[in-house]
Amino acid sequence: MLVLKMLRDMGRHRTQFISIFLMAFLAIFIYAGVGGEWRGLQKSADDFYAETNLADVWIYGGGSGGAQGVGFGGAGFSEAQAEAVGRVDGVGAVERRLEMNAVGDFENKPVLNLCFAERNEISSLYIVEGAGFDKNDAGGIWLSQRFAEARGVGVGDVIGFSVSAANGANDAAGAVDVEARSGSAGGGADTHDSLKFEKTIRGLVYSAEHVFESASETLTPDFSDHGYAYLSANAFPAPVPGMPSAEPPYNTLLVKTDGTSPPAAELERKIDAALDGRYSVYLERVNLPSVNMFANEIQQHKMMGDIFPVVFLLIALLTMMTTMTRMVANQRVQVGTLKALGVKRGAILRHYLSYGFFLALFGAALGVAVGPATLPYLFYPSMSSFYTLPEWKPAYAPEFLFVSAALVLLCTAVSLLACGKLLSESPADTLRPKAPKAFRHGALERTKFWRRLSWAAKWNVRDASRSRARSLMAVIGVFGCTALVVCAFSMNDCMKDLKTWQYETVNLYESKLILGNNLTSSRIDEITEEVNGEKIMEVKAEIRANGRKQGASLLVTDGTELIRPTDSELKPTKLPEIGISITEKTAELLGVGKGDSIEWHVYGEQGWMEGSVEKVYREPVNQGITMRRGHFESLGMEFRPTAVLSAKKVVRDIDGVDSVVLTSESSTGWDDLTEAMYTMVYLLIAAAAVLSVVVLYNLGMLSFTEMEREMATLKVMGMKSGRLRGLLLSQSLWFTAIGFVLGVPAGMWLTSRIVAMSGDSFDFPVFLHAPTLLIALAFAFGMSALVNLFFSGKIRYLDMVGSLKGVE
């Protein structure tokens, strides 16, 4: 009998119960869907790292280009040095590797990061196709699968390379810089020999060190333009002019800890002592660019998946509270009759609790089932275009069931709160009509301001004070909708603003010519004159201050007008001739400001330089420090250009230029990089639309039902239907205005938190643009007006006699 009654009640109040079901479904759908997506990414990455035994620490020697960048030309790390590091407490294994840049024998001269591995047991390869890595194979090469696919080569093909060999065994800085082909401290002015060799592709591979990879002059990967390859140390092309032996000059140590390692700072100190400080860069796994970038991407998705479902959960609970309270109040006589007939209090209680229990249970169950199976696949296609993982699939977690169970319990608890007091009354009291609440005049009604309010305004204030739960639900619903809409469109603005900032405000050049490493100074001057360009030097550097250390970019200019730095408001500014200028984001990470002292050194150089920060400026993507050429040379450093900037569009091949990066093409690449973010934007807009329709429609139905008797009374007294519609609309607009005012700053806060997870390289500008504010305003007030006009139309057909009948 009670089950049939529950079904009849749900049919009679289907709008409210459907909205509760939808809110419960959407809360778990988004939580489990986005949670399954980022957990799947995390699991795939962790499995990838574990399967390939990814190193915990990378140590780069002189001549190293930093993380993924080097050349050869020095003695390198000796076996004795590797053994010394291996004896450090907490170190499980050590392996040597030589990294260098090579130009592939393909059209457009793509650059490959060649890794000559001693054993390839640490940071080993994931074989996609072909044979496994053979440390004794002198004629084979294991090539990046993404590069091979882009270039149309496969297992068994022979590919050629050319490498710039260092001029002398002791020229530790004479190197080919793989990281972004930007050169190193010593590459550029001296003439080097060019070494050519060919290898047979043995396998196509993925590397856990290259989940994300791109050259520094581009924001997105172009797998046809750059890649990586692994070779056996036996494949090292010896003899090399100036090299003392045929053994590769290993410039990288890969360190794997044994699980008992001391804190990171102590381990670094012990390894530093073991090497007697004779290395250039010490890089932990969390700071490896690929690992760091992917971890930030996961954190960004995690935060969105954790925050946004809270709005839907709150609305579901508030809707349940108001619906159950109203329904139980209207069924006093039915409850009293059941009690009088001998139905146990527990049975009646279970009956009313079942409303919240089953609605939340079915909604949560559907969300858990559908979310992880559908939502992640909206993100994976765009993400897989610039991230590389062996598999892309969502992961389920016990938290999905825990959160679903919590949602069911909360909705059931709300049902208990709604009917608990009524069930505690005696049958006789329950059969009597509930006495109306004693109305109390608020403090506002005793002010002069109250007397100046219109009758409609007074009505709305009193009605809101009588129905606080409904009013609160209206405000929270509009608040959530506004926050989601503002966040979605602000994220869209952030991405567009950064693109405009990078390619129209800061970078005023059209072409960036990446110079080869075997050029003389005279040839660089000829190229610069030929394209009417300006020389710059871009290298990887490391900065430390306040006990913190940060990898960064070092830009040295000769007073170029084609790169225009900006201040905190993104307006062009001038950098000082003397001293160091640091980007705002790097300064925040290091905790420094103008006038503070920092230490820095170029990757490949072991000595640290000290300087004072003379200016803090904002930069969209290349975070680090900038100096003028005169100041840089006054420190005893040599200005060796790595690129030439030109306002012209250079499309022809120029001898000595490795590649040309066009601003127009880089701008298109930015759109590809942000495609996954746009997916999230569209999801937020859809969620906001569903939330606004469900919440406002439910509130309109609830308001009309609760005020039906009052509307009938006013209509009998002669008030026209049009004025009554205006009364309902004005109240809805009041709640909308309050929710909107609170929702705008909440949406901007959400935006700032999301873009803060984009990594250390990006500095997204977060501004509230007028169009975004107007869109959010139109969305909130437009939806509110439409829904209320729909319900207010029922006033014309209101049954005044039925509405005014007393309890029979």
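Caption draft 1: How the structure looks around the overall build of the protein chain. Along the protein chain, the regular secondary structure elements total 23 helices and 21 strands. Relative to its 808 residues, the protein chain shows a buried fraction of 57%. Pairs at least 24 residues apart make up 84% of the contacts formed inside the protein chain by residues separated by at least 6 positions. Put simply, the protein chain shows about 33200 Å² of open surface, and 56% of that area lies on carbon and sulfur atoms.

Caption draft 2: Broad picture of the pattern of salt bridges. Per the counting criterion, the structure on display carries 25 salt bridges. For K512, the salt bridge goes to E538, with nearest N and O atoms at 2.5 Å. On the criterion of sequence distance, the pair formed by K512 in strand β13 (residues 511-515) and E538 in strand β14 (residues 534-545) is long-range, its members being 26 residues apart. The same class applies to K512 and to E538, which are both buried. E542 is paired through a salt bridge with K549; the nearest N and O atoms lie 3.9 Å apart. On the basis of relative accessible area, E542 is assigned to the buried category, the value being 4%.

Caption draft 3: Up close: the side chain of S207. In this fold, S207 is placed in strand β9 (residues 193-207). In this structure S207 touches F48, Y228 and Y230, once residues within four positions along its chain are discounted.

Caption draft 4: Broad picture of the packing of aromatic side chains. With the rule as written, the count across this model stands at 21 aromatic pairs. An aromatic cluster of at least three residues, connected via ring pairs, comprises F212, F294, F386 and Y387. Seen from the ring of F223, R146 lies directly overhead, with NZ or CZ sitting 4.2 Å from the centre.

Caption draft 5: Quick look at the packing of helix α2 (residues 14-51) against helix α8 (residues 345-374). Across the interface, α2 lies against α8 with an axial gap of 7 Å and an inter-helix angle of 35°. Between α2 and α8 lies a crossing whose hand is right-handed. For the contact of α2 with α8, the class distribution of residues is 17 nonpolar, five polar and no charged.

Caption draft 6: Expanded view of the nonpolar core. Counting residues in each nonpolar core, the largest one holds 89 residues, and the members touching the most others are M23, F294, F312 and L691. Those residues in contact with M23 that lie beyond four places of it in its chain are F312, I315, A316, L691, V694 and V695.

Caption draft 7: Focus on the pairing of strand β5 (residues 111-117). Extensive coverage of β5 is indicated by the burial of seven of its seven residues. Side chains V111, N113, C115 and A117 of β5 all project onto a buried face; the interleaved residues L112, L114 and F116 project onto the opposite face, where all are buried too. With seven bridges joining them, strand β4 (residues 91-104) and β5 adopt antiparallel strand pairing. Paired with M100 across the strands is L114, a residue of β5. As consecutive antiparallel partners, β4 and β5 are separated by six residues, and within that stretch N108 has a phi angle of approximately 70°, a positive value. Taken together, the seven bridges between β5 and strand β10 (residues 226-232) define a ladder with parallel strand orientation. Paired with L112 across the strands is G227, a residue of β10.

Caption draft 8: Quick peek at the environment of K585. When you line up the elements, K585 lands in helix α16 (residues 584-590). When its relative accessible area of 12% is taken as the criterion, K585 is described as buried. Sequence-wise, K585 and V616 are 31 residues apart; in three dimensions their C-alpha atoms are separated by 9.2 Å. The contact partners of K585, leaving out residues within four places of it in the chain, are Q623, G759, D760, F762 and D763.

Caption draft 9: Inspection of a nonpolar patch on the surface at higher detail. Taken together, the side chains of F357, F358, L361 and F362 make up a nonpolar region of the molecular surface, amounting to roughly 340 Å² of accessible area. By secondary structure assignment, the location of F362 is in helix α8.

Caption draft 10: Structural context of the packing of helix α20 (residues 708-716) against helix α21 (residues 721-755). Between α20 and α21, whose axes approach to 10 Å, the crossing angle comes to 145°. Helix-helix and strand crossings are classified by hand; for α20 and α21 the assignment is right-handed. Touching M711, L714 and K715 of α20 are S721, L724, L727 and L728, all from α21. Residues that form the contact of α20 with α21 fall into these classes: five nonpolar, one polar and one charged.

Caption draft 11: Region of the structure containing α20. Of all the residues in α20, the buried ones are M711, A712, L714 and K715. All buried residues of α20 project into a common sector of 165° when viewed along the axis, lining one side.

Caption draft 12: Layout of the confidence of the model for the protein chain. Confidence along the protein chain averages 82 in pLDDT terms, with 87% of residues attaining 70 or more. When pLDDT is averaged over each element of the protein chain, strand β6 (residues 125-130) comes out on top at 96 and strand β3 (residues 69-70) at the bottom at 37. Within the model, the stretch residues 63-74 combines pLDDT values under 50 with 73 contacts to residues more than four positions away or in other chains. In this model residues 166-192 is a low-confidence stretch, pLDDT under 50, and it forms 106 contacts with partners more than four residues away in sequence or in other chains.

Caption draft 13: Just helix α13 (residues 455-466), in detail. Taking 1.5 Å as the rise per residue, α13 with 12 residues should run 16 Å; its terminal C-alpha atoms sit 17 Å apart, in good agreement. Along α13, the positions that sit buried rather than exposed are A457, W459, N460, D463 and A464. Along the axis of α13, the buried positions cluster into a sector of 160°, meaning they face one direction only.

Criteria and cut-off values
- Residues numbered from 1 in each chain as written.
- Predicted model: local features only at pLDDT ≥ 70, side-chain atom pairs only at ≥ 80, totals over all residues.
- Heavy atoms only, no water.
- Helix = DSSP H or I, 4+ residues; strand = E, 2+ residues; numbered from the N terminus.
- Buried < 20%, exposed > 50% of the residue type's maximum accessible area, 1.4 Å probe, protein only.
- Contact = heavy atoms within 4.5 Å.
- Areas by Shrake-Rupley, 256 points an atom, 1.4 Å probe, with all protein chains shown as cover.
- Salt bridge = Lys/Arg side-chain N within 4 Å of Asp/Glu carboxyl O.
- Phe/Tyr/Trp six-rings, centres within 6.5 Å; stacked < 30°, edge-to-face > 60°.
- Lys NZ or Arg CZ within 6 Å of the ring centre and 35° of its normal.
- Axes fitted to C-alpha atoms, helices over the stretch in contact; angles between N-to-C directions.
- Left-handed = near helix turned anticlockwise from the far one by under 90°.
- Nonpolar A, V, L, I, M, F, W, Y, C, P; charged D, E, K, R; others polar.
- Core = buried A, V, L, I, M, F, W, Y, C linked by side-chain atoms within 4.5 Å.
- Pairing = 2+ DSSP bridges.
- Patch = residues over 30% accessible without salt bridge, like charges linked within 9 Å, V, L, I, M, F, W, Y side chains within 5 Å.
- Arc of directions from axis to C-beta.
- pLDDT = per-residue confidence, 0-100.
- Expected span 1.5 Å × (residues − 1).

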